[in-house]
Amino acid sequence: MSEVTPTPWDRVQGLLPPLAAPQRDELKASLETHGYRGPPVYVMPDGRIIDGHNRYDLWGSRCVVEVLDVDEETGLALALAHNTARRQLTTIQINQIRDTQRKTALRLREQGKTQAEAAAAVGVSQQVVSDWQAKSMHNTSGGKVHKPDVRTKVTKDGKEKVVKAVKAGVPQAQVAADLGVNQATVSRIVTEDAKREQEEVERKARAEAAARTLPKDNRIQQTDFRHQAETLADESVALIFTDPPYARDNLDLYAEVARIGSRVLVPGGSLLCYCGQFLVPDIYAAIGKTLRPWWIAAVQHGGQKARMTEYGVVVCWKPLLWFVKGTRGDKHTFVDDLTIGTREKDGHEWQQAESEAAYWIERLTKPGELVWDPFCGSGTTAVAAHKLKRLFLTCDVDERAITTARARFAEVFK
Ligand SMILES: C[S@@+](CC[C@H](N)C(=O)[O-])C[C@H]1O[C@@H](n2cnc3c(N)ncnc32)[C@H](O)[C@@H]1O
């Protein structure tokens, strides 16, 4: 019987992933059925456990304990050698241990230990240390070492499991071991989830605040957009989806909408505007001063195509320029940058397809959030937003356009 009390050894625990829950249950069941049969729990002269940590944890003083009279580095090498050889570790876990061994060996070499000493300290052959050194020299270019990417791809289901387990109080190292991923991956998933949750809370609060400031009815107003914008609260609009007049002398309208957008858009909110091809460089320059250019999407025309005689081009698509305030809030929702429009011109000569507005509203906003269209026309954005249970506000200076938009809205939602 040994005189020392076995205690966990931080250095070894830090190198080895914890036993996965099913393996631990299996070990426990075996101890309960057969009693203690395995090799001794090996400990350092001061009691730090070299090997048998899980057995000691489950079976305590009923384990057979043997003290090995070895120095620190030899004890560590023994711990790694025992565990990597015997335990059912996943490839990722073995790679993690290998990575730690490699780093430790390289550090010892830098500290002046011989290859043989470094090899003994981490439990590998001298040849392995020599290979690691050669590789580390190759991986160094311009003084910068390229570290291997240890991130692991985890499915959506897997991510949900990770978050659930961590929220239930399971230590991250244990979750990593149970799911066969590395701990950095677990930590990344948990951080991303917490960030998403926080963003969701903020989005909800902003949507509720926006709803409070909107008029109850009359959200299709006959007025200039600059006037309507004055009624919009700061950071209340999730998306500006609009189709300003295309003429070159309307460039200042685009710039003005962007300027207003930089105030009323939520952080990460978007401005999407249709425009003619010939205006793209100018609009980019005008809007780019206040909002960040994000992407140029395209809408492929249905029906008859316009012929631009001035340019000698048959127009098959129109640009939908996308700008964001800051950076796009939700990059997890993928969008196609090409949509196929249907021809809908029964309400307004410039009427755009409702399906296009719906496509973008659905992906760039959440129900309850506010969509603003400063150039209402026949009310396409308003109808699409309302169908998708988003709040909307829109206006047009033209009385006929407003009459058409209100009639269309009343007809759709009668
Ligand atoms: C290209 S149309 C919009 C068409 C709309 N997307 C649809 O699907 O029917 C542009 C509209 O902007 C309106 N407009 C022009 N200047 C405006 C201003 N300063 N304030 C509000 N509306 C304006 C025009 O009257 C016109 O109806």
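Residues numbered from 1 in each chain as written. Predicted model: local features only at pLDDT ≥ 70, side-chain atom pairs only at ≥ 80, totals over all residues.

Asks: Provide a residue-level description of the domain arrangement of the protein, including the pertinent values.
Replies: Looking at the assigned domains, one finds that the protein contains domain 1 (10-145), domain 2 (156-199) and domain 3 (214-412). Placing a centre on the C-alpha atoms of domain 1 and another on those of domain 3 gives a separation of 61 Å. (Domains from an automatic or database assignment.)

Asks: So what's going on with the site of the ligand? Residues and values would help.
Replies: Close contacts around the ligand come from 19 residues, with Asp243, Phe375, Gly377, Ser378 and Thr380 the closest. The class makeup of the residues in the shell around the ligand is nine nonpolar, six polar and four charged. (Near = placed C-beta within 6 Å. Nonpolar A, V, L, I, M, F, W, Y, C, P; charged D, E, K, R; others polar.)

Asks: If you had to explain the nonpolar core to someone new, which residues and values would you point to?
Replies: Judged by nonpolar contacts, the single largest core of 53 residues is most densely connected at Val237, Leu271, Ile361, Leu370 and Val371. Among residues more than four places away in sequence, those in contact with Val237 are Leu232, Val264, Leu265, Val266, Gly269, Leu370 and Trp372. (Core = buried A, V, L, I, M, F, W, Y, C linked by C-beta atoms within 7 Å. Buried ≥ 20, exposed ≤ 12 C-beta atoms within 10 Å, placed from the backbone. Contact = placed C-beta atoms within 7 Å.)

Asks: How would you sum up the sheet that holds strand S7 (residues 237-242)? Please name residues and give values.
Replies: The eight strands are arranged S6-S15-S14-S7-S8-S12-S9-S13 in an open sheet whose pairing can be described as mixed. At either margin of the open sheet sits one strand with a lone partner, and together these are strand S6 (220-222) and strand S13 (338-340). This sheet shows a mean twist of 20 degrees between the axes of neighbouring strands, independent of strand direction. Where strand S9 (residues 292-300) lies against S13, three bridges are found, and the strand directions are parallel. Bridge assignment links Gln300 to a residue of S13, and that residue is Ile340. Packing against the sheet, helix H15 (residues 380-387) makes contact with S6, S7, strand S14 (370-373) and strand S15 (391-396), and its axis sits at approximately 170 degrees to S15. (Pairing = 2+ DSSP bridges. Helix = DSSP H or I, 4+ residues; strand = E, 2+ residues; numbered from the N terminus. Axes fitted to C-alpha atoms, helices over the stretch in contact; angles between N-to-C directions.)

Asks: So what's going on with helix H16 (residues 399-412)? Which residues, and what values?
Replies: With 14 residues, H16 should reach 20 Å at 1.5 Å per residue; the first-to-last C-alpha distance of 20 Å fits that figure. Turning to H16, its buried residues are Ala401, Ile402, Thr404, Ala405 and Arg408. Buried residues along H16 cover an arc of 160 degrees about the axis, so they all sit on one side. Opposite the packed face of H16, turned more than 90 degrees from it, sit the exposed residues Glu399, Arg400, Ala410 and Glu411. The elements touched by buried residues of H16 are S6, H15 and S15. (Expected span 1.5 Å × (residues − 1). Arc of directions from axis to C-beta.)

Asks: An account of the environment of Glu369 is needed here, citing residue identities and associated values.
Replies: Structurally, the position occupied by Glu369 is in the loop between helix H14 (354-364) and S14. Along the primary structure Glu369 and Thr100 are separated by 269 residues, whereas in three dimensions their C-alpha atoms are 48 Å apart. The contacts of Glu369, once residues within four sequence positions are left out, are Arg203, Ala207, Ala238, Arg390 and Leu391.

Asks: Tell me about helix H2 (residues 21-34), residues and numbers included.
Replies: Helical geometry note: an α-helix holds 3.6 residues per turn, so side chains three or four residues apart project in the same direction. Its 14 residues give H2 an end-to-end C-alpha distance of 20 Å, which sits within 8% of 20 Å, the value for a rise of 1.5 Å per residue. Once H2 finishes, Gly35 follows within two positions and takes phi at roughly 75 degrees, a positive value.

Asks: So what's going on with the packing of helix H9 (residues 172-179) against helix H10 (residues 183-213)? Residues and values would help.
Replies: The contact between H9 and H10 brings their axes to 8 Å, and the two run at 110 degrees. Regarding the angle of H9 to H10, the classification is roughly perpendicular. The way H9 lies across H10 gives a crossing that is right-handed. In contact with Gln172, Ala173, Val175 and Ala176 of H9, H10 contributes Gln183, Val186, Ser187 and Val190. The residue inventory of the contact of H9 with H10, partitioned by class, reads five nonpolar, three polar and no charged. (Parallel < 35°, antiparallel > 145°, perpendicular 65-115°, else oblique. Left-handed = near helix turned anticlockwise from the far one by under 90°.)

Asks: Account for the environment of Thr5, with residues named and values stated.
Replies: Looking at the element boundaries, Thr5 is found in the segment before helix H1 (10-15). Judged by C-beta crowding, with 10 C-beta atoms within 10 Å, Thr5 ranks as exposed. Along the sequence, Thr5 and Val43 sit 38 residues apart, while their C-alpha atoms lie 9.0 Å from each other.

Asks: Before we move on, could you go through the packing of helix H12 (residues 251-264) against helix H13 (residues 280-287) and cite the residues and values that matter?
Replies: Interaxial distance between H12 and H13 falls to 8 Å at its minimum, and their mutual angle equals 35 degrees. As H12 packs across H13, the resulting crossing turns out to be right-handed. In this structure, H12 uses Leu251, Tyr254, Ala255 and Ala258 to contact H13, whose residues at the interface are Asp282, Ile283, Ala286 and Ile287. Residues that form the contact of H12 with H13 fall into these classes: seven nonpolar, no polar and one charged.

Asks: Give a detailed account of the pairing of strand S12 (residues 317-324), specifying residues and quantitative values.
Replies: A large share of S12 lies buried, amounting to six of its eight residues. With five bridges joining them, strand S8 (residues 265-274) and S12 adopt antiparallel strand pairing. In the strand pairing of S12, Leu271 is matched with Phe323. Bridge count between S9 and S12: eight bridges; the pairing is antiparallel. Bridge pairing in S12 links Pro293 to Phe323.

Asks: Tell me what's going on with unusual backbone geometry, and back it up with residues and numbers.
Replies: In this model, Asn218 sits at a positive phi of 55 degrees, which is unusual for a non-glycine residue. Among the structural elements, Asn218 can be located in the loop between H10 and S6. On the basis of neighbour counts, which here come to 10 C-beta atoms within 10 Å, the residue Asn218 falls in the exposed class. Of note in the backbone geometry, Lys389 takes a positive phi value of approximately 65 degrees without being a glycine. Looking at the secondary structure, you find Lys389 in the loop between H15 and S15.

Asks: Lay out the pairing of S14 with the relevant residues and their values.
Replies: Burial along S14 is two-sided: the face carrying Leu370 and Trp372 and the face carrying Val371 and Asp373 are both buried. Looking at chain direction, S7 and S14 are connected through three bridges and run parallel. Paired with Leu239 across the strands is Val371, a residue of S14. Bridge count between S14 and S15: four bridges; the pairing is parallel. Its bridge partner lying in S15, Trp372 is registered against Leu393. Since S14 and S15 lie parallel, the crossover through H15 that links them has a hand, and here it is right-handed. (Right-handed = clockwise from strand over helix to strand, strands pointing away.)

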